[in-house]
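Residues per chain are reported as follows:
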Amino acid sequence: MKLLFLYFSGTGNTDYVAHYLAQRLDRALVEVELRSIEWQPPEKVTDFDLLAFGFPDYAADSPGFVQTYLEQLPSGANRGAFVFCTKGAYAASAVKLNLQRLALRGYVPLCGGDVIMPGTDGLSMISRDSWMARKALQKDYDQLKDGNRLVGQMNSVLSELEDGRPIDTLRMPLPPKPKMGPSDRLWAALYRMTENWSRSRLHADDQCEGCGLCAQICPVDNVAVRDGHARFEDHCVLCLRCLHACPQEAIQIGKLTAGKFRWKGPRGDFKPLRLRPAGS
């Protein structure tokens, strides 16, 4: 069996978790491949037996452009699907909603889970020497309890499939259509209010040298360099990849992030350019 890990990662957490899960699966049962959705056009997601789809939690769901990507996938043709997301605190129905979207594309939802990782929105607004920054840097990323739990579930499903159990008998029971509950809708509304406020204040300050990295790595092409300075359009998804990756730390949300902590992934080595095709 070939299992494709397909994911979006803004600032490195979901990328790390995708590799964490892949490394701990029983390789005697499955061949694993990992791809970023930024490299992989949805219409070409075809050559695999099982799909593991990952994303960071946004407003109790996946980011809007990730939802659009799922809607553009070819028919799952009764292939199995796992879903995982990374969360700073509360993932709400994010995993279930995206399993349902895959089910609507013809996939068989098998299992899913969320993994707690540092919330990079909050980290961007705290002092470099705060206890929250130290906690994020000192976390044991070699042992992710939520990740281990999900790996166990995935290995159990893979073992059942290897033993010849029909995939449809492993189908995870889900409501027919994606729908948030009242508490999740409230959480999403509050998140979007904060998101809209932050988006309207996103800018590059006087430290910007016009290197263009932010434009190269933006997953929705919301940044352009004009007159030697980064400029932002109106369709930012607030993944904060540009803010955390800027070599000059010139990208800010109002005055809240100036001189504050920057996240470089769990190992401090996240390079978002490798998730994007050259020239994109």
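Note that this is a predicted model, so its numbers are computed, not measured.

Moving on, we get to the overall build of the chain. Across its full length, the chain carries 9 helices and 9 strands. Relative to a compact globule of 280 residues, whose C-alpha radius of gyration would be 19 Å, the chain shows 19 Å and is just as compact. With 280 residues in all, the chain has 53% of them scored as buried. Total accessible area computed for the chain in this model is approximately 13000 Å², and 52% of it derives from carbon and sulfur atoms. The average position of the 35 basic charges and that of the 32 acidic charges among the side chains of the chain differ by 4 Å.

Another point: the nonpolar core. One finds Leu 6, Ile 37, Leu 51, Phe 53, Leu 73, Leu 102 and Ile 251 to be the most contacted residues of the largest nonpolar core, which totals 45 residues. If we ignore the near neighbours within four places in the chain, the residues touching Leu 51 are Leu 3, Leu 4, Leu 6, Leu 73, Gly 80, Ala 81, Phe 82, Leu 102 and Tyr 107. In terms of nonpolar packing, the next biggest core, distinct from the first, is built from 40 residues, Tyr 16, Leu 25, Val 30 and Ile 126 among them.

A separate point is helix α3 (residues 94-104). In terms of burial, α3 is a largely internal element, 8 of the 11 residues being buried. Within α3 the residues assigned to the buried category are Ala 94, Val 95, Leu 97, Asn 98, Leu 99, Gln 100, Arg 101 and Leu 102. In this fold, the buried residues of α3 make contact with β3 (50-56), α2 (64-71), β4 (80-87) and β5 (108-116). Following α3 by one or two positions, Gly 106 adopts a phi angle in the positive range, close to 100°.

Before going further, it helps to spend a moment on the sheet that holds β4. In space, the 5 strands of this open sheet follow the order β2-β1-β3-β4-β5, with parallel pairing throughout. Two strands close off the open sheet at either side, each with one partner strand: β2 (31-36) and β5. Along the sheet, successive strands turn relative to each other by an average axial angle of 20°, direction set aside. The strands touched by helix α6 (residues 145-162) within the sheet are β1 (2-7), β3, β4 and β5, with β5 carrying the most contacts at an inclination of about 165°.

Time to look at the environment of Asn 155. Inspection of the secondary structure puts Asn 155 in helix α6. C-alpha of Asn 155 to C-alpha of Val 30: the two residues are 125 residues apart in sequence and 9.4 Å apart in space. Excluding residues that lie within four positions of it along the chain, Asn 155 makes contacts with Arg 24, Leu 25, Asp 26 and Leu 29.

Our next topic: the side chain of Asp 61. With respect to the helices, strands and loops of the structure, Asp 61 is situated in the loop between β3 and α2. Here Gln 67 takes part through its side chain, which lies 3.3 Å from a polar atom of the side chain of Asp 61.

Among the residues making up α2, those that are buried are Phe 65, Val 66, Gln 67, Tyr 69 and Leu 70. Turning to α2, the residues buried within the fold contact β1, β3 and α3.

This next bit is on the packing of helix α1 (residues 13-24) against α6. The interhelical angle for the contact between α1 and α6, taken along N-to-C directions, is 45°, at an axis separation of 10 Å. Considering their axes alone, α1 and α6 lie oblique with respect to each other. When you trace α1 past α6, the crossing you get is right-handed. When α1 is examined against α6, the residues Tyr 20, Leu 21 and Arg 24 are found in contact with a partner set consisting of Gly 147, Asn 148, Leu 150, Val 151 and Asn 155. A breakdown of the residues in the contact of α1 with α6 according to their chemical character gives 4 nonpolar, 3 polar and 1 charged.

Conventions we followed
- Residues numbered from 1 in each chain as written.
- Predicted model: local features only at pLDDT ≥ 70, side-chain atom pairs only at ≥ 80, totals over all residues.
- Heavy atoms only, no water.
- Helix = DSSP H or I, 4+ residues; strand = E, 2+ residues; numbered from the N terminus.
- Rg over C-alpha atoms; globule rule 2.2 N^0.38 Å.
- Buried < 20%, exposed > 50% of the residue type's maximum accessible area, 1.4 Å probe, protein only.
- Areas by Shrake-Rupley, 256 points an atom, 1.4 Å probe, with all protein chains shown as cover.
- Lys, Arg positive; Asp, Glu negative; His and termini not counted.
- Charge placed at Lys NZ, Arg CZ, Asp CG, Glu CD.
- Core = buried A, V, L, I, M, F, W, Y, C linked by side-chain atoms within 4.5 Å.
- Contact = heavy atoms within 4.5 Å.
- Pairing = 2+ DSSP bridges.
- Axes fitted to C-alpha atoms, helices over the stretch in contact; angles between N-to-C directions.
- Polar contact = N/O pair within 3.5 Å; in protein donor to acceptor, adjacent residues only side chain to side chain.
- Parallel < 35°, antiparallel > 145°, perpendicular 65-115°, else oblique.
- Left-handed = near helix turned anticlockwise from the far one by under 90°.
- Nonpolar A, V, L, I, M, F, W, Y, C, P; charged D, E, K, R; others polar.

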